[in-house]
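# Reading the structure
Listed here are the chains, written in short residue letters.
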Amino acid sequence: MDYPVLIEKEGIKLQTEKMEVDKLYYCVYQDRVMLFFKDKNDLLNCYEIEEKEIVDEVKQSMPEDIEKTLEKYIKEKNLSS
């Protein structure tokens with residue numbers, strides 16, 4: 001399956017029909033980490049992280065480590081529900 005988050009000249013393009021429910025998708029755009037996920041009601045949820053420390057860490061991470069980096073950030077900031 002193609003990744004449903006694309007960065008184009010005009011901005012971020014989301015292909016929500018390709019998104020799996022409750023799966024986290026992300027990209028780095030304009031020095032921000034953008035997070036997206038579709039919930040069980042097919043509602044799109046979007047979050048933006050602009051803290052330089054986490055943006056730099058995500059930029060330097062290998063693709064397979066980015067989700068762990070984000071989970072660590074969420075836990076440290078007590079952002080989980």
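Above: the structure in question.
### Here we look at the sheet that holds strand β5 (residues 44-49)
Either a parallel or an antiparallel arrangement is found when strands of a sheet pair, and the pairing is made through backbone hydrogen bonds. Strand order in this open sheet of three strands is β3-β4-β5, and the pairing throughout is antiparallel. Looking at which strands have only one partner, the edges of the open sheet turn out to be β3 (25-29) and β5. Within the sheet, the average angular offset between the axes of one strand and its neighbour, ignoring direction, is 20 degrees. As paired strands, β3 and strand β4 (residues 32-38) are joined by five bridges and run antiparallel to one another. From the neighbouring strand, Y29 faces β4, where its bridge partner is R32. Packing against the sheet, helix α2 (residues 63-76) makes contact with β3, β4 and β5, and its axis sits at approximately 90 degrees to β3.

### Focus on helix α1 (residues 52-60)
Within the sequence span of α1, burial applies to I54, V55 and V58. What you see down the axis of α1 is that its buried residues fit within an arc of 100 degrees, all on one side. The exposed set on the far side of α1, more than 90 degrees from its buried face, consists of K52, E53 and Q60. Where α1 is buried, its residues touch β3, β4, β5 and α2.

### A short note on the packing of aromatic side chains
What the rule picks out here adds up to three aromatic pairs. Relative to Y47, the ring of F37 has its centre 6.4 Å away and its plane inclined at 15 degrees; by these criteria the two rings are stacked. With F37 in strand β4 and Y47 in strand β5, this residue pair connects regions lying ten residues apart in the sequence. In this structure F37 comes out as partly exposed when scored by relative accessible area, which is 23%.

### A look at the pattern of salt bridges
Per the counting criterion, the structure on display carries six salt bridges. Put simply, D31 and K59 hold a salt bridge, and the shortest N to O gap is 2.7 Å. Highlighted residues: D31 in the loop between β3 and β4 and K59 in helix α1, separated in sequence by 28 residues. Judged by relative accessible area, D31 falls into the exposed class, the value being 52%.

Cut-offs applied
- Residues numbered from 1 in each chain as written.
- Predicted model: local features only at pLDDT ≥ 70, side-chain atom pairs only at ≥ 80, totals over all residues.
- Heavy atoms only, no water.
- Pairing = 2+ DSSP bridges.
- Helix = DSSP H or I, 4+ residues; strand = E, 2+ residues; numbered from the N terminus.
- Axes fitted to C-alpha atoms, helices over the stretch in contact; angles between N-to-C directions.
- Contact = heavy atoms within 4.5 Å.
- Buried < 20%, exposed > 50% of the residue type's maximum accessible area, 1.4 Å probe, protein only.
- Arc of directions from axis to C-beta.
- Phe/Tyr/Trp six-rings, centres within 6.5 Å; stacked < 30°, edge-to-face > 60°.
- Salt bridge = Lys/Arg side-chain N within 4 Å of Asp/Glu carboxyl O.

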